[in-house]
Amino acid sequence: ERIPVVGTILGASSCPDFDVCTREIPTSAFVAIFSDGVTEAESPEGALFEPEQFGSVLDSGRSLAANLLHCVDAVLRHSGTQQDDVSLLIARAEGIGAAHGLESSRPWPRHY
């Protein structure tokens, strides 16, 4: 699911405006946060990179670091060359009590 949030470009204002939204994130789901350098990565044919492509790249059997590298590689393979900064954060939701050895099947509420 793409969450349509907008706001001030980071660093462009000393008092930026940010959208806030809430989503239920199922345990073990991946969350990707990225800059416009990802969505504006253009193929030689002129097609923009679609972040939904991360769905076929992310693998729960790999570490988060390996998943991050695979996602960056997907963007660079799409465009053939780096055209802009590529800022990307990949996270995976854990059960509410996972840090204390407790598992939960409830979705993980998070605010953005």
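Caption draft 1: Here's a closer look at the pattern of salt bridges. Scanning the entire structure with this criterion turns up one salt bridge. When the shortest N-O distance is used, the salt bridge between R77 and D73 registers 2.7 Å. Placement of both R77 and D73 in helix α3 (residues 64-79) is noted, with a separation of four residues, approximately one turn of the helix. On the basis of relative accessibility, which here comes to 36%, the residue D73 falls in the partly exposed class.

Caption draft 2: Representation of the environment of E1. Among the secondary structure elements, E1 is positioned in the segment before β1 (22-25). In this structure E1 comes out as exposed when scored by relative accessible area, which is 78%. Spatially, the C-alpha atoms of E1 and P51 are 9.8 Å apart, while their sequence positions differ by 50 residues.

Caption draft 3: Looking closely at unusual backbone geometry. Despite not being glycine, S28 has its phi angle at roughly 75°, a positive value. With respect to the secondary-structure elements, S28 resides in the loop between β1 and β2 (30-34). Residue class for S28 comes out partly exposed when judged on its relative accessible area of 44%.

What counts as what
Residues numbered from 1 in each chain as written. Predicted model: local features only at pLDDT ≥ 70, side-chain atom pairs only at ≥ 80, totals over all residues. Heavy atoms only, no water. Salt bridge = Lys/Arg side-chain N within 4 Å of Asp/Glu carboxyl O. Helix = DSSP H or I, 4+ residues; strand = E, 2+ residues; numbered from the N terminus. Buried < 20%, exposed > 50% of the residue type's maximum accessible area, 1.4 Å probe, protein only.

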